[in-house]
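# Observations on the three-dimensional arrangement
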Amino acid sequence: MTELADGEWHRLHPASPLLRGGIFIVAVLGFIVANLRERLVDFFLGVPRYGGDPIDEILERGAVGWALLGLTAVLIAILAGFYLSWRMHTFRVTGEVVEVRSGLVFRSNRRARLDRIQGVNIVRPFVPRLFGAAKLEVSVAGQDANVQLAYLGSANADQLRRDILRLASGLRQPAPVQPGAAAPLEGAAAVVPGAGTPAGLGAFAAHRAADFFAPELDPDAAPPESVVRIPPGRLIGSVLFSRFTVFLVLAAIALAVFGWTADTGGWLLVVILPGLIASVSFYFSRVTRSLRYSIAGTADGVRVGFGLLTTSNETLPPGRIHAIRVSQPILWRPFGWWQVHINTAGHSTNKGAGGEADTTTLPVGTLADVARVLELILPGFDSAPQQALIERGLRSTGGDDGFTNAPRRAAWLLPFSWRRTGYALSEGVALLRRGVLSRELILVPLARLQSVGINQGPVERMLRLASARLHTVAGPVVATLSVLDAGEAVALFEQVSSGAITSAQADTTHHWNLPNGALE
Amino acid sequence: MPETAGRLDLPEAGEWKRVSPRYVVVEIVGTVLFGLALCAAASALWLVADVQWAPYLLAAIIVITAVTVAFEPRRVRAIGYQLRQDDLLFRRGIMFTRFVSVPYGRMQLVDITRGPIARRLGLADLKFVTAAASSGVLIPGLTEADAESLRDALVELAESRRAGL
């Protein structure tokens, strides 16, 4: 147990205001450098200056003293502001809540109940990461309801997350620190940046470098066989064979035809060049985001990590995933690649690294990878028949394969994919299968289901069809079946609505480490 | 409209509770006002902008509004709800039928709203809100007493069947 989760009030990393205001500081620095450039040139190269520089003006008017005084006053005010905001920004973790108090003029106080935690995310933006600082965010359901601790020492953040999750899991006592696991890193984080002696500075830099290049998962926190790794070749391939590439190729053809037929002169370049630069940066960010992707099961949930320079690393406790989609864009089909997206109730305000929302659980992977990821995010759904069901849900072309499929007359509405459109129910999980070109399988744990609806319009009525929708919390996964036999739709409705009730009653993930989910 | 074999229905569902027949008035007033607004726009096209086909548009709007008003009593009769053992069942629509089942434990809050016309008739709308935006259970046209007793009943049921999110 770290001293951070002992129920007392604690302060953040002392450099927090600087790191949070980092962009502002850089901007001011840039402004000063821009204004001093003549002087710097003069100073270093001895080129005679040619006036028009604010510093010259000050010198000529003899106002050096006043200017220095003003500058000093502003600097002191900024430093005092930073210091006070750091002093006033405190947090504590008790057995029930995470609480943050902050604000200089407008005080704010925010509490999140531990048993309502939807996920804990640790983000290390590039610059704070250099200084060994990390941002910890506790997501709870609701718009803008997250509790954010920016910034903590990097190793402290990992420890604190472990403690928060352990407290939330229903065990009232945080576990003791495993000796040797985080101890060397803790030493590194205790060094305040810039406070070392010249001899200590070298050691500090070495620590920082070691921390920077350390693998995203500490090996003892996760069973190694559960980790999915993406080879760089597959990653680059998956980004190249994306919908965006199709769009680019089409745009290039259109532009080529247009440029060839119409005599446009050189202005076409003005259109093409920015687009080209944007595309390259898009590909680059997509690749770097997933380059150090990792997923592992821990005692307190699934940990998904992303990012090369800016890293983000989220832990989702058990029972926080409301819907799962395994999908395969058509261009990935020859390679047998799949991706996995999820719906969760809480969303980290920090986009995952590279600007991607934190709903991608597997950016690209083979069927074996998908099976491993599903095992982590849908625990207990891994018996042989269930695995066969998932396998058929992904690859089967339809027919009598355990899924209740749409009847032949549905071809009027879905001429190609009606064979694959169907559902199956197994032990509290609803599986919806659809799509023949881009294949999709949606899994909804009924214990998380909010409600279920069936619809029928006039055309569907003529064909004796209906559509169904499982309502889950908002996210990228929309669990709909657009055609279904009307009678089967009613059967689905009845089974799912009663299944949702029984699963919710049996669900104990509220406090996942207690046998019956309730506190004593 | 003849009943076809393909019509969506829940054979095992019990007796549906209907909303107040007075709710027809609210729907008709709303439809007529909307129709009048469209008519005004079409008339403006005709008289001010001198658009040739505007009279046909005007006629079409009037016909559609009249047909909608004629079907209004049926549509209101099609709205129904029932409190089952563990969930709230809701249905509406004749052309576009929709059935929804919401377990009580999924309730986040219950909203009661009253529009100007509904208030004059002593009616209120009750909205059952879950964590999913797509649930969309809105029971319109309940008498105010009904709405309030239903709200209290739902809150009590949700309390006894509380589940995590």
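All figures in this text were calculated on a predicted structure; none of them were measured in a lab. (Residues numbered from 1 in each chain as written. Chains lettered and ligands numbered in written order. Predicted model: local features only at pLDDT ≥ 70, side-chain atom pairs only at ≥ 80, totals over all residues. Heavy atoms only, no water.)

Below, the discussion takes up the overall build of chain B. What chain B contains, in helices and strands, is four helices and seven strands. Its helices and strands in sequence order give chain B the pattern β-α-α-β-β-β-β-α-β-β-α, from N to C terminus. Burial analysis of chain B (165 residues in total) assigns 42% to the buried set. Expressed as a percentage of contacts within chain B between residues at least 6 apart in sequence, the contacts between residues at least 24 apart total 53%. Here chain B displays about 8800 Å² of accessible surface, and carbon together with sulfur accounts for 62% of that area. (Helix = DSSP H or I, 4+ residues; strand = E, 2+ residues; numbered from the N terminus. Buried < 20%, exposed > 50% of the residue type's maximum accessible area, 1.4 Å probe, protein only. Contact = heavy atoms within 4.5 Å. Areas by Shrake-Rupley, 256 points an atom, 1.4 Å probe, with all protein chains shown as cover.)

Once that is clear, we can look at the interface of chain A and chain B. Contacts between the two partners involve 35 residues from chain A, matched on the other side by 30 residues from chain B. Summed over both partners, the interface of chain A with chain B comes to about 2700 Å²; 55% of that surface belongs to carbon and sulfur atoms. Inspection of the chain A/chain B interface yields one salt bridge. One can count 12 residue pairs in polar contact (both at pLDDT 80 or more) joining chain A with chain B. Here the side of chain A that touches chain B gets 10 residues from one element, more than from any other, and that element is helix α15 (residues 486–506) of chain A. For the side of chain A that touches chain B, the per-class residue count stands at 17 nonpolar, 12 polar and six charged. Summarising the sheet, strand β18 (residues 451–456) of chain A and strand β4 (residues 97–103) of chain B pair through five bridges and their orientation is antiparallel. Note that in β4 of chain B the partner of Gln456 of chain A across the bridge is Thr97 of chain B. (Buried area = accessible area lost by both parts, 1.4 Å probe. Salt bridge = Lys/Arg side-chain N within 4 Å of Asp/Glu carboxyl O. Polar contact = N/O pair within 3.5 Å; in protein donor to acceptor, adjacent residues only side chain to side chain. Nonpolar A, V, L, I, M, F, W, Y, C, P; charged D, E, K, R; others polar. Pairing = 2+ DSSP bridges.)

The subject of this paragraph is helix α12 (residues 367–377) of chain A. A turn of α-helix holds 3.6 residues, and therefore any two residues three or four places apart point the same way. Taken together, the buried positions of α12 of chain A are Asp369, Val370, Val373, Leu374, Leu376 and Ile377 of chain A. Buried residues along α12 of chain A cover an arc of 155° about the axis, so they all sit on one side. (Arc of directions from axis to C-beta.)

On to the layout of surface pockets, then. One way to see where empty space is left: roll a probe the size of a water molecule over the atoms. All names here are of chain A. By volume, the largest pocket amounts to about 540 Å³. In this structure, the largest pocket is lined by 29 residues; those nearest its centre are Leu378, Pro379, Pro445, Arg448 and Thr509. Sorting the residues of the lining of the largest pocket by element identifies β8 (294–298), β9 (301–306) and α12 as the ones contributing at least two each. Top contributing element to the lining of the largest pocket by residue count: α12, with three residues. The class makeup of the residues in the lining of the largest pocket is 14 nonpolar, nine polar and six charged. (1 Å grid on protein atoms, 1.4 Å probe; cavity = no way out; pocket = protein on both sides within 12 Å on 5 of 7 lines; lining within 4 Å. Points joined across faces, edges and corners; volume = space filled by probe spheres on them.)

A full pass over the atoms with the stated rule returns 20 salt bridges over all chains. In this structure, Arg75 of chain B engages Glu27 of chain B in a salt bridge whose closest nitrogen and oxygen atoms are separated by 3.6 Å. Of this pair, Arg75 of chain B sits in helix α2 (residues 54–78) while Glu27 of chain B sits in helix α1 (residues 23–47); the two residues are 48 residues apart in sequence, bridging distant segments of the chain. What emerges from the salt-bridge pattern is a single network uniting Arg92, Glu99 and Arg111 of chain A.

Our focus in this paragraph is the UniProt feature "transmembrane region" (unreviewed entry) in chain B. UniProt records the feature "transmembrane region" (unreviewed entry) for residues 24–47 and 53–71 of chain B in the present numbering. Between the C-alpha atoms that bound residues 24–47 of chain B there is a distance of 34 Å. The span itself is 100% helix and 0% strand. (UniProt positions renumbered as here; feature names shortened; annotations may be inferred.)

Residue and element names in this part refer to chain B. In spatial order, the strands read β5-β6-β7; together these three strands make up an open sheet with antiparallel pairing. In the strand order of this sheet, the two ends are held by β5 (109–113) and β7 (137–143), each with one partner. On average, each strand axis in the sheet is tilted by 25° relative to the strand beside it, whichever way the strands run. Of the strand pairs in this sheet, β5 and strand β6 (residues 123–129) are connected by five bridges, and their pairing is antiparallel. Looking across to β6, one finds that Val110 is bridged to Phe128. Sheet strands in contact with helix α4 (residues 144–160) are β5, β6 and β7, and its direction is about 135° off that of β7. (Axes fitted to C-alpha atoms, helices over the stretch in contact; angles between N-to-C directions.)

Before going further, it helps to examine the UniProt feature "transmembrane region" (unreviewed entry) in chain A. In this structure's numbering, the residues bearing the UniProt feature "transmembrane region" (unreviewed entry) are residues 18–36, 63–84, 239–260 and 266–284 of chain A. Between the C-alpha atoms that bound residues 239–260 of chain A there is a distance of 30 Å. The span itself is 91% helix and 0% strand.

Okay, the packing of aromatic side chains next. Residue and element names in this part refer to chain A. By the definition in use, this model includes 10 aromatic pairs over all chains. Taking the centre distance of 5.5 Å and the plane angle of 50° together, the rings of Tyr293 and Phe306 count as tilted. Residue Tyr293 is located in the loop between α11 (267–291) and β8, and its partner Phe306 is located in strand β9; the two are separated by 13 residues in the primary sequence. Of the two residues examined, Tyr293 and Phe306, each falls in the buried class. By the ring-pair criterion, three or more aromatic residues cluster together here, those being Phe241, Trp332, Phe335 and Trp337. Taking NZ or CZ as reference, Arg11 lies 5.7 Å from the ring centre of Trp86, over its face. The ring of Phe403 carries Arg433 above its face, with NZ or CZ at 4.3 Å from the centroid. (Phe/Tyr/Trp six-rings, centres within 6.5 Å; stacked < 30°, edge-to-face > 60°. Lys NZ or Arg CZ within 6 Å of the ring centre and 35° of its normal.)

Looking at soluble globular proteins, one finds that nonpolar side chains tend to be buried together. By size, the foremost hydrophobic cluster in this structure holds 38 residues, and its most contacted members are Tyr293, Ile324, Ile377, Leu431 and Leu443 of chain A. Here this core gets five residues from one element, more than from any other, and that element is α12 of chain A. When residues of this core are assigned to domains, at least three fall in each of domain 2 (231–291) and domain 3 (317–511) of chain A. Residues within four places of Leu443 of chain A in sequence aside, it is in contact with Ala323, Ile324, Val326, Leu374, Leu378, Phe381, Ile390, Val429, Ala430 and Leu431 of chain A. One finds Ala323, Val444 and Ala468 of chain A together with Leu10 of chain B within the second-largest nonpolar core, a separate group that totals 30 residues. (Core = buried A, V, L, I, M, F, W, Y, C linked by side-chain atoms within 4.5 Å. Domains from an automatic or database assignment.)

This part covers helix α9 (residues 232–240) of chain A. All of the buried residues in α9 of chain A are Arg234, Leu235, Gly237, Ser238 and Val239 of chain A. Structurally, α9 of chain A contributes buried residues whose contacts are with α10 (243–261), α11, β13 (360–365) and α12 of chain A.

Another aspect to go through is the confidence of the model for chain A. Looking at chain A as a whole, its pLDDT mean stands at 79, while 79% of the residues score no less than 70. Contacts for the low-pLDDT stretch residues 174–198 of chain A, under 50 throughout, to residues beyond four places or in other chains number 29 contacts. (pLDDT = per-residue confidence, 0-100.)

The next point concerns the pairing of β7 of chain B. The two faces of a sheet get side chains in turn, since along a regular strand they alternate between them. Residue and element names in this part refer to chain B. Burial within β7 is extensive, with five of its seven residues counted as buried. Direction of pairing for β6 relative to β7: antiparallel, over a ladder of five bridges. Along β7, the bridge assignment pairs Leu126 with Ile139.

The next thing to look at is the pairing of strand β3 (residues 87–92) of chain B. Residue and element names in this part refer to chain B. The buried fraction of β3 amounts to five of the six residues, a majority that puts the element mostly inside the structure. Examined bridge by bridge, strand β2 (residues 80–83) and β3 share four bridges and lie antiparallel to one another. Within the sheet, the bridge partner assigned to Leu83 lies in β3 and is Leu88. Where β2 folds back on β3, the antiparallel hairpin that results is connected by three residues. Looking at chain direction, β3 and β4 are connected through six bridges and run antiparallel. Directly across from Phe90, in β4, lies its bridge partner Val100. From the end of β3 to the start of β4, which pair antiparallel, there are four residues, and Gly93 there has a positive phi angle of about 90°.

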